[in-house]
Amino acid sequence: MPDPVKVAISDLVRDERLRFRDTYSSSLAETVERYAEAMVDYGTTWGEFPPLVAVWLTEPHEWAEEVPDGDGRYAKLTRLPKSYPANALILAEGFTRCAAADVAGVVSAPAVIHPGTWADAERLAWGANSRHGRPRSSAETARVLDSILSRPEYRAATGSELAKLACCSKATANRHRKARNEKLSTSAPDGVGSVPETPGVATAASAPVDARGYAIPPRLHAHFAGVPAARRLTGQLRDTAAKLSKLANVGGREVHPSFALVDVEAAVADVLKAVAWVESMLPAESCRSCHGDGCVSCDHRGYLTAAAAR
Ligand SMILES: [Zn+2]
């Protein structure tokens, strides 16, 4: 393993696809706070924390990201081409420590840098948090295994190969693959469970389902297609709001005088209000009265928003 070198934390690309922590858990927020306080105690430095692990891209990484088209109804997804250039520094391990550094105002950290590709960054990220830091929860390990199994080259991997990549036990890897295969072959794609029969609506085994678990009529598919991406965005906004209020509370006001100029609590409350409003306006259920044709009870939309479904 190469020796750690000092890097500016702002130079690291933090890509959520390489982060397998449950970012909305309160215990993670507590860990960030605890690490941040330790960094402040070290004199606002990285202190004794283990070095980060990053990949220095030897070739560009290109992919497409699906985003809601922004017409306000999340009617369809647009595929946006994205890329990282060669020489980008991709964080593979240490997201929680970097979040703590943001809170504490620490700007540089030691990092072990591996020259490599995006695939190398993924492999390093799959094994992250297995050696130190807060132990991974079973849900977090499951996310790692899902990420590995979504790669065509690892679909036929043996239990022990999977266990090695995910740094988990062979039993966990095998159990996860079995459950995943059963889910993929018998139920809806997002794992909501089996699709109940709805009168007058064809229920293909692979049909997407709404919040109640009912198949979504094909004419409504476009309306529901953007919901997962919108939920990811609102989740990220919640995350940002939480970081902002922490930044202001853990010594932020002293370190960054500009915080005194902004009413952070009010700003965060506004962001959370907006997030809640967006979430309440997302399509939640296909209309039980008209099955998507449009009627008075669904305001001729064919579906009910989360707010209307409550
Ligand atoms: Zn209706």
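For the structure, check the block above.
These figures come from a predicted structure and were not determined experimentally. (Residues numbered from 1 in each chain as written. Predicted model: local features only at pLDDT ≥ 70, side-chain atom pairs only at ≥ 80, totals over all residues. Heavy atoms only, no water.)

1. What to know about the coordination of the zinc ion
Part 1: At 2.2 to 2.3 Å from the zinc ion lie its protein donor atoms, namely Cys287 (SG), Cys290 (SG), Cys295 (SG) and Cys298 (SG).
Part 2: Of note is the zinc ion, whose 4 donor atoms meet at the metal with angles of 104 to 112° in an arrangement that counts as tetrahedral. (Donors = N, O, S within 2.8 Å, 3.2 Å for Na, K, Ca; no water. Tetrahedral: all angles 85-135°; square planar, octahedral: opposite > 155°, others 65-115°.)

2. Thoughts on the nonpolar core
Part 1: Grouped together as the largest cluster of nonpolar side chains are 48 residues, with contacts concentrated most on Leu12, Met39, Trp46, Leu52, Ile90 and Ile148.
Part 2: When contributions to this core are tallied by element, the ones reaching two or more residues are helix H1 (26-41), strand S3 (52-57), strand S6 (89-93), helix H2 (95-104), strand S7 (108-116), helix H3 (118-126), helix H4 (138-149) and helix H5 (159-166).
Part 3: Looking at this core, the element that brings in the most residues is H2, giving 7 residues.
Part 4: When residues of this core are assigned to domains, at least three fall in each of domain 1 (1-135) and domain 2 (137-186).
Part 5: Among the nonpolar cores identified, the runner-up in size contains 5 residues, and Cys290, Cys295, Cys298 and Leu304 belong to it. (Core = buried A, V, L, I, M, F, W, Y, C linked by side-chain atoms within 4.5 Å. Buried < 20%, exposed > 50% of the residue type's maximum accessible area, 1.4 Å probe, protein only. Helix = DSSP H or I, 4+ residues; strand = E, 2+ residues; numbered from the N terminus. Domains from an automatic or database assignment.)

3. Notes on the sheet that holds S3
Part 1: In space, the 5 strands of this open sheet follow the order S1-S7-S3-S6-S2, with mixed pairing throughout. Edge positions in the sheet fall to strand S1 (5-8) and strand S2 (12-13), since each has one partner strand and no second.
Part 2: Most of the contacts of H2 go to S6, to which it runs at about 110°, and overall it touches S2, S3 and S6.
Part 3: Across the face of the sheet, H3 comes into contact with S3, S6 and S7 while running at roughly 25° to S6. (Pairing = 2+ DSSP bridges. Contact = heavy atoms within 4.5 Å. Axes fitted to C-alpha atoms, helices over the stretch in contact; angles between N-to-C directions.)

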